Amino acid sequence: MEIWINPACSKCRSAISLLDEEGAEYTVRRYLEDVPGAEEIRAVLGRLGLEPWDITRTQEAVAKELGLKEWARDEGSRDQWIEALAKHPKLIQRPIITADDGTAVVGRTDEAVRDALGRS
């Protein structure tokens, strides 16, 4: 199991605490430093069963600068969204937990983190 975190994020710290409490084995990825490329983001989206706009933090300053709220949310604009996430990793919703069974969850709640634990 791998968890993508921003150490400054309270939701990430909460997810790590819950994983530790449950004795889970996991790898921490500080995705702002170890930035995922476009192909890796595509793979994680497939594991999540989500589209790139579903995991985009649209309230971030860079999202506003890019005008993301105005971008189309369709198959034709999917690559544009993925490239933006790869170029500006701060836009990626966090934490993302990739489970050993090949799925992933956005672990913003205790329930989602427990769901990931149940998949591993």
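Everything here concerns the structure above.
This report concerns the structure included in the present document. (Residues numbered from 1 in each chain as written. Predicted model: local features only at pLDDT ≥ 70, side-chain atom pairs only at ≥ 80, totals over all residues. Heavy atoms only, no water.)

## A closer look at the pairing of strand S1 (residues 2-5)
Logical step 1: Relative to strand S2 (residues 27-30), S1 is paired through four bridges, and the arrangement is parallel. From the neighbouring strand, Glu2 faces S2, where its bridge partner is Thr27.
Logical step 2: Following the chain from S1 across helix H1 (residues 10-21) to the adjacent parallel S2, one finds a crossover that is right-handed.
Logical step 3: In terms of strand pairing, S1 meets strand S3 (residues 96-98) through three bridges, oriented antiparallel. Pairing of Glu2 across the sheet is with Thr98, part of S3. (Pairing = 2+ DSSP bridges. Helix = DSSP H or I, 4+ residues; strand = E, 2+ residues; numbered from the N terminus. Right-handed = clockwise from strand over helix to strand, strands pointing away.)

## Some thoughts on the packing of helix H2 (residues 38-48) against helix H4 (residues 78-87)
Logical step 1: Between H2 and H4, whose axes approach to 9 Å, the crossing angle comes to 115°. When the axes of H2 and H4 are compared, the pair comes out roughly perpendicular. Where H2 crosses over H4, the handedness of that crossing is right-handed. Contact residues: H2 offers Ala38, Ile41, Arg42 and Leu45, while H4 offers Arg78, Asp79, Ile82, Glu83, Leu85 and Ala86.
Logical step 2: Grouping the amino acids of the contact of H2 with H4 by side-chain chemistry returns six nonpolar, no polar and four charged. (Axes fitted to C-alpha atoms, helices over the stretch in contact; angles between N-to-C directions. Parallel < 35°, antiparallel > 145°, perpendicular 65-115°, else oblique. Left-handed = near helix turned anticlockwise from the far one by under 90°. Contact = heavy atoms within 4.5 Å. Nonpolar A, V, L, I, M, F, W, Y, C, P; charged D, E, K, R; others polar.)

## What about the packing of H1 against helix H5 (residues 110-119)?
Logical step 1: Running from amino to carboxyl end, H1 crosses H5 at an angle of 45°, the nearest separation of the two axes being 10 Å. On the basis of the axis angle, H1 is oblique to H5. H5 is crossed by H1, and the crossing has right-handed handedness. Taken together, the residues of H5 that come into contact with H1 (itself represented by Ser14, Ala15, Leu18 and Leu19) are Asp110, Val113, Arg114 and Leu117.
Logical step 2: In terms of residue class, the contact of H1 with H5 is built from five nonpolar, one polar and two charged.

## Observations regarding the sheet that holds S2
Logical step 1: With mixed pairing, four strands are arranged side by side in an open sheet as S2-S1-S3-S4. In the strand order of this sheet, the two ends are held by S2 and strand S4 (104-106), each with one partner. Direction aside, the axes of adjacent strands within the sheet are offset by 20° on average.
Logical step 2: The strands that H5 touches are S3 and S4; relative to S4, the one it contacts most, it runs at about 170°.

## What to know about the packing of aromatic side chains
Logical step 1: Going through the model one piece at a time under the given rule, you end up with three aromatic pairs.
Logical step 2: Between Trp71 and Trp81, the ring centres sit 5.4 Å apart and the planes meet at 80°, which makes this aromatic pair edge-to-face. With Trp71 in the loop between helix H3 (61-66) and H4 and Trp81 in helix H4, the pair connects residues that are 10 residues apart, well separated along the chain. For the residue pair Trp71 and Trp81, the accessibility class agrees, reading buried in each case.
Logical step 3: Members of the aromatic cluster, each reached through a chain of ring pairs, are Trp53, Trp71 and Trp81. (Phe/Tyr/Trp six-rings, centres within 6.5 Å; stacked < 30°, edge-to-face > 60°. Buried < 20%, exposed > 50% of the residue type's maximum accessible area, 1.4 Å probe, protein only.)

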